[in-house]
Amino acid sequence: MAYTPMSHVGLDTFPSDDHGPFYDHRADLIAVQGNLFDGEAIHRSYRGRPPGVQLLAVTSRRLMMIEAITFKGRTALSSIPFGRVTSVHFLSTEDQPIETTRVVGIRVMTALFEFEAVDAEQAREAHDLVVWSVTHG
């Protein structure tokens, strides 16, 4: 079943993970919250694993990402209007079933952002929420 946004703000509590350390998100989450527009709300935020998207926030107006993909060697807070997202993907290796992948690809025009979630369930939730936001936003 696809995930759709709830009426409350869903900030991820970032449970521990057996697959290695994740990026410390606290300062970046504060930066995202500090850059919201009047009336804009965070539907959900997710932490990721470097070197891809380190924090993905889906707001009521756009995607906000802390990432080091766009500007090599620098960390960026990127704001992407839903209308610029051209596709959303599950990314898996040749020997991995799609339903077990933790990696979501978000294509924005010609750029591809990779977000590695805590687990396959969270990857599915992030994928579905981004797709829902793009098609309903």
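To be clear, the structure that these remarks concern was listed above.
Please read all numbers here as calculations on a predicted model, not as lab measurements.

The rules behind these values
Residues numbered from 1 in each chain as written. Predicted model: local features only at pLDDT ≥ 70, side-chain atom pairs only at ≥ 80, totals over all residues. Heavy atoms only, no water. Helix = DSSP H or I, 4+ residues; strand = E, 2+ residues; numbered from the N terminus. Buried < 20%, exposed > 50% of the residue type's maximum accessible area, 1.4 Å probe, protein only. Contact = heavy atoms within 4.5 Å. Areas by Shrake-Rupley, 256 points an atom, 1.4 Å probe, with all protein chains shown as cover. Pairing = 2+ DSSP bridges. Axes fitted to C-alpha atoms, helices over the stretch in contact; angles between N-to-C directions. Salt bridge = Lys/Arg side-chain N within 4 Å of Asp/Glu carboxyl O. Arc of directions from axis to C-beta.

Student: Is there a simple way to explain the overall build of the protein chain in this structure?
Tutor: In terms of regular secondary structure, the protein chain is built from two helices and eight strands. When the helices and strands of the protein chain are placed in sequence order, the string is β-α-β-β-β-β-β-β-β-α. The proportion of buried residues among the 137 residues of the protein chain is 45%. In the protein chain, the share of contacts with a sequence separation of at least 24, taken over all contacts with a separation of at least 6, comes to 47%. Approximately 7,600 Å² of the protein chain is accessible, and the part contributed by carbon and sulfur atoms is 54%.

Student: I tried to follow the sheet that holds strand 8 (residues 111-116) on my own but got confused; where do I start?
Tutor: Strands in a sheet are paired, the pairing made by backbone hydrogen bonds, and the direction either parallel or antiparallel. Across the sheet, three strands lie side by side as 6-7-8; this open sheet has antiparallel pairing. The open sheet has two free edges, formed respectively by strand 6 (85-91) and strand 8, since each of these has just one partner strand. Sheet twist, expressed as the mean angle between neighbouring strand axes with direction ignored, is 20°. Pairing of strand 7 (residues 103-108) with strand 8, which is carried by six bridges, proceeds in the antiparallel orientation. In the strand pairing of strand 8, Val108 is matched with Ala111.

Student: Even after reading the chapter, I still don't get the pattern of salt bridges, so can you show me in this structure?
Tutor: Should their charged atoms come close, side chains of opposite charge can pair. Under the definition given, this model contains five salt bridges. As a salt-bridge pair, Glu116 and Arg49 come within 3.0 Å of each other at their nearest N and O atoms. Residue Glu116 is found in strand 8, and its partner Arg49 is found in the loop between strand 2 (42-47) and strand 3 (55-59); the two are separated by 67 residues along the sequence. By relative accessible area, which is 21% here, Glu116 ends up partly exposed. Of the residues examined, Arg49 reaches a relative accessible area of 13% and is grouped as buried.

Student: Looking at this structure, I do not really get the side chain of Ser133. What am I missing?
Tutor: Mapped onto the elements, Ser133 comes out in helix 2 (residues 120-136). Look at Ser133 and you get buried, because its relative accessible area is 3%. Leave out the neighbours within four places in its chain, and Ser133 touches Val58 and Phe82.

Student: What am I meant to see in helix 1 (residues 26-34) here?
Tutor: Note: α-helices contain 3.6 residues per turn, so residues at a spacing of three or four share the same orientation. Those residues of helix 1 that fall on the buried side of the exposure criterion are Asp28, Leu29 and Val32. Looking down the long axis of helix 1, one finds its buried residues gathered within 100° of arc, a one-sided arrangement. Within helix 1, the exposed residues directed more than 90 degrees away from the buried face are Arg26, Ala27, Ile30 and Gly34.

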